[in-house]
Amino acid sequence: MTENKYEHTSKASNVNALKNFDPSFTSPITNITVPVGREAILTCTVHDLVNFKVAWLRVDTQTILTIQNHVITKNTRIGITHTEKRIWQLRIRDVKEADRGWYMCQINTDPMKSQVGYLDVVVPPDILDYPTSQDIVVEEGQNVTLTCAATGSPEPIINWRREGGKPLFKGNNGMEVFNYEGAFLDIPFVTRYHMGAYLCIASNGVPPSKSKRIIIIVNFPPVISVKTRHVYAAMGERTMLECHSESNPNTVNYWMRHNKQDTKRIDFVLGGIYEPKLEDHIYRMVMKLPLTIHRASDYGSYKCVAKNSFGLSEEIIKVFPLQKTLNHVQLEIPVLERAFATNETSQQYLSDACENRNRKFFTLLLCLIYLRRFLIL
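Calculation rules
- Residues numbered from 1 in each chain as written.
- Predicted model: local features only at pLDDT ≥ 70, side-chain atom pairs only at ≥ 80, totals over all residues.
- Heavy atoms only, no water.
- Helix = DSSP H or I, 4+ residues; strand = E, 2+ residues; numbered from the N terminus.
- Buried < 20%, exposed > 50% of the residue type's maximum accessible area, 1.4 Å probe, protein only.
- Contact = heavy atoms within 4.5 Å.
- Areas by Shrake-Rupley, 256 points an atom, 1.4 Å probe, with all protein chains shown as cover.
- 1 Å grid on protein atoms, 1.4 Å probe; cavity = no way out; pocket = protein on both sides within 12 Å on 5 of 7 lines; lining within 4 Å.
- Points joined across faces, edges and corners; volume = space filled by probe spheres on them.
- Nonpolar A, V, L, I, M, F, W, Y, C, P; charged D, E, K, R; others polar.
- Phe/Tyr/Trp six-rings, centres within 6.5 Å; stacked < 30°, edge-to-face > 60°.
- Disulfide = S-S within 2.5 Å.
- Pairing = 2+ DSSP bridges.
- Axes fitted to C-alpha atoms, helices over the stretch in contact; angles between N-to-C directions.
- Salt bridge = Lys/Arg side-chain N within 4 Å of Asp/Glu carboxyl O.
- Core = buried A, V, L, I, M, F, W, Y, C linked by side-chain atoms within 4.5 Å.

1. Quick word on the overall build of the chain
Secondary structure summary: the chain contains four helices and 28 strands in total. A burial count over the chain gives 36% of its 377 residues as buried. Expressed as a percentage of contacts within the chain between residues at least 6 apart in sequence, the contacts between residues at least 24 apart total 60%. Of the roughly 23,200 Å² of accessible surface on the chain, 54% is carried by carbon and sulfur atoms.

Now the structure itself:
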């Protein structure tokens, strides 16, 4: 009976002793921001805790997470540590988006004391396969809209660029635009020069940024260009005819010419050299035709042709005899040489020689060359 009385007196004295202490929070809980997948640590600092207890709760669900050193929740990612029963840290490993919210640190005084802190979970951007655009094939002249959809927290910003630093398009002021911000990239009236890789880049300040490569393929009929449409060659001389074509898709390329006996008939010309090259998704072809003039019938028109499923393009190169022009030039050379062969050569004599023959282009050219040499001397 005496022992029971002693125990009762001891408990009463403990209660009275607790009443003499008033635990308090030393500082507020600091709100924290943590990337998804990392560890979050919320810190609650308490003064004069004595035999009172500290608990952590999830505010939105009113779930008790920890009491003193014990983890109450079944969430295995939750942990609790303390330093001298003064600094209490709630630890959440492998943070997920669902962990975002308010957390309460509570002291079991009467009335209860508490303070809250906020955990913000940030997520690096990720580009969604749908509805983000895939590689696209269009015909020249059509309108194209590229779409880029991304998730993340904070909400990502979308920027568009082209590979190789090429311009995206021309603005209303005619200036080339190299960077564009927005989920949708509109390209009206696409041409072959819009063909290539476009980069959709999503960023929100949380590394790493994410990008996706979208390729625009533009189909267009072949286009042929030539360095010269007129070629001069002497009998027995070897020359090279050359055409350049570009297209998408690839082309069938060949050389043709009219039949001398039957002008309505067009023959294929064999022996062509074809040098293909793929640049920026554009098929380029150098078409060469080695030609040796063996007979008069080798002169005439030669046609280079490029053809694909979207159209056909052709150019004509005409081969002319060079003999008459050479004979004419040879007749004029002795006159000029005689002018320089005598000691009585004068500028007036040379001028007369040029003036009498100034209707001939090559003669005039030679006159100017000799006149320049005469003036330098």
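2. Side note on the layout of surface pockets
Here the idea is plain: a probe the size of a water molecule rolls over the atoms and shows the empty space left. In this structure, the largest pocket occupies an estimated 170 Å³ of space. R162, P167, L168, F169, K170, E176, P188, Y193 and H194 are the residues that line the largest pocket. Of the residues belonging to the lining of the largest pocket, the class tally is five nonpolar, one polar and three charged.

3. Side note on the packing of aromatic side chains
According to the stated counting rule, one finds four aromatic pairs in the structure shown. Ring plane angle 70° and centroid distance 6.1 Å describe the contact between F169 and Y180, whose orientation is recorded as edge-to-face. With F169 in strand β15 (residues 169–170) and Y180 in strand β17 (residues 180–181), this residue pair connects regions lying 11 residues apart in the sequence. Judged by relative accessible area, Y180 falls into the partly exposed class, the value being 32%.

4. Quick word on the state of the cysteines
The final tally for this structure, using the stated rule, is three disulfides. Bridging C148 to C200, the disulfide has an S-S length of 1.6 Å. Of this pair, C148 sits in the loop between β12 (144–147) and β13 (150–153) while C200 sits in strand β19 (residues 196–203), and the two are 52 residues apart along the sequence. C200 carries the same exposure label as C148, and that label is buried. Covalently, C243 is tied to C304 through a disulfide, its sulfur atoms 2.1 Å apart. Linking C243 and C304, the disulfide has an S-S dihedral of approximately -80° and is accordingly described as left-handed.

5. Things to note about the sheet that holds strand β27 (residues 300–308)
Strand order in this open sheet of five strands is β21-β28-β27-β23-β24, and the pairing throughout is mixed. Each edge of the open sheet is held by one strand with a lone partner, namely β21 (230–233) and β24 (266–269). Neighbour-to-neighbour, the strand axes of this sheet turn through a mean angle of 30°, independent of strand direction. Examined bridge by bridge, strand β23 (residues 252–258) and β24 share four bridges and lie antiparallel to one another. Paired with H258 across the bridge in β24 is I266.

6. As for the sheet that holds strand β8 (residues 87–92)
Spatially, four strands are ordered β1-β3-β8-β7 in an open sheet, and the strand pairing comes out antiparallel. Edge positions in the open sheet fall to β1 (24–27) and β7 (78–83), since each of these has one partner strand only. Neighbour-to-neighbour, the strand axes of this sheet turn through a mean angle of 30°, independent of strand direction. The pairing of β7 with β8 spans six bridges and is classified as antiparallel. Opposite G79, over in β8, you have R91 as the bridge partner.

7. Some words on unusual backbone geometry
With an omega of 5°, the peptide bond between D110 and P111 qualifies as cis. Within the fold, P111 resides in the loop between β9 (101–107) and β10 (113–127). Going from S153 to P154, the amide bond is cis rather than trans, its omega being 0°. A positive phi angle is found at D48, which is not glycine, with a value near 60°. Residue placement: D48 occurs in the loop between β3 (40–47) and β4 (54–58). We classify D48 as partly exposed; its relative accessible area is 37%. Backbone geometry places H281, a non-glycine residue, at a positive phi of 65°. Turning to its location among the elements, H281 is positioned in the loop between β25 (273–279) and β26 (282–292).

8. Digging into the pattern of salt bridges
Following the criterion strictly, the structure yields 20 salt bridges and no others. With a closest N to O distance of 3.0 Å, D60 and R58 form a salt bridge. For E140, the salt bridge goes to R192, with nearest N and O atoms at 3.1 Å. With E140 in the loop between β11 (136–139) and β12 and R192 in the loop between β18 (184–187) and β19, the pair connects residues that are 52 residues apart, well separated along the chain. Judged by its relative accessible area of 12%, R192 is buried. The network of salt bridges with common partners includes E140, R192, E246, K277, E279 and R284.

9. Some words on the environment of F310
Here F310 is to be found in the loop between β27 and β28 (311–321). Residues F310 and F220 lie 90 residues apart in sequence; the distance between their C-alpha atoms is 6.2 Å. For F310, the residues in contact, after removing those within four places along its chain, are E139, N219, F220, P221, N248 and P249.

10. Quick look at the nonpolar core
Ranked by internal contacts, the top residues of the largest apolar core, which has 25 residues, are V144, L146, W160, L185, I187, Y198 and I216. Of all the secondary-structure elements, those providing two or more residues to this core are β12, β14 (157–162), β18, β19 and β20 (210–226). Looking at this core, the element that brings in the most residues is β20, giving six residues. Once you skip the residues sitting within four places of it in the chain, V144 turns out to touch I136, V138, L185, D186, I187, V190 and I216. Ranked by size, the runner-up nonpolar core spans 23 residues in total, among them I32, V34, V54 and I78.

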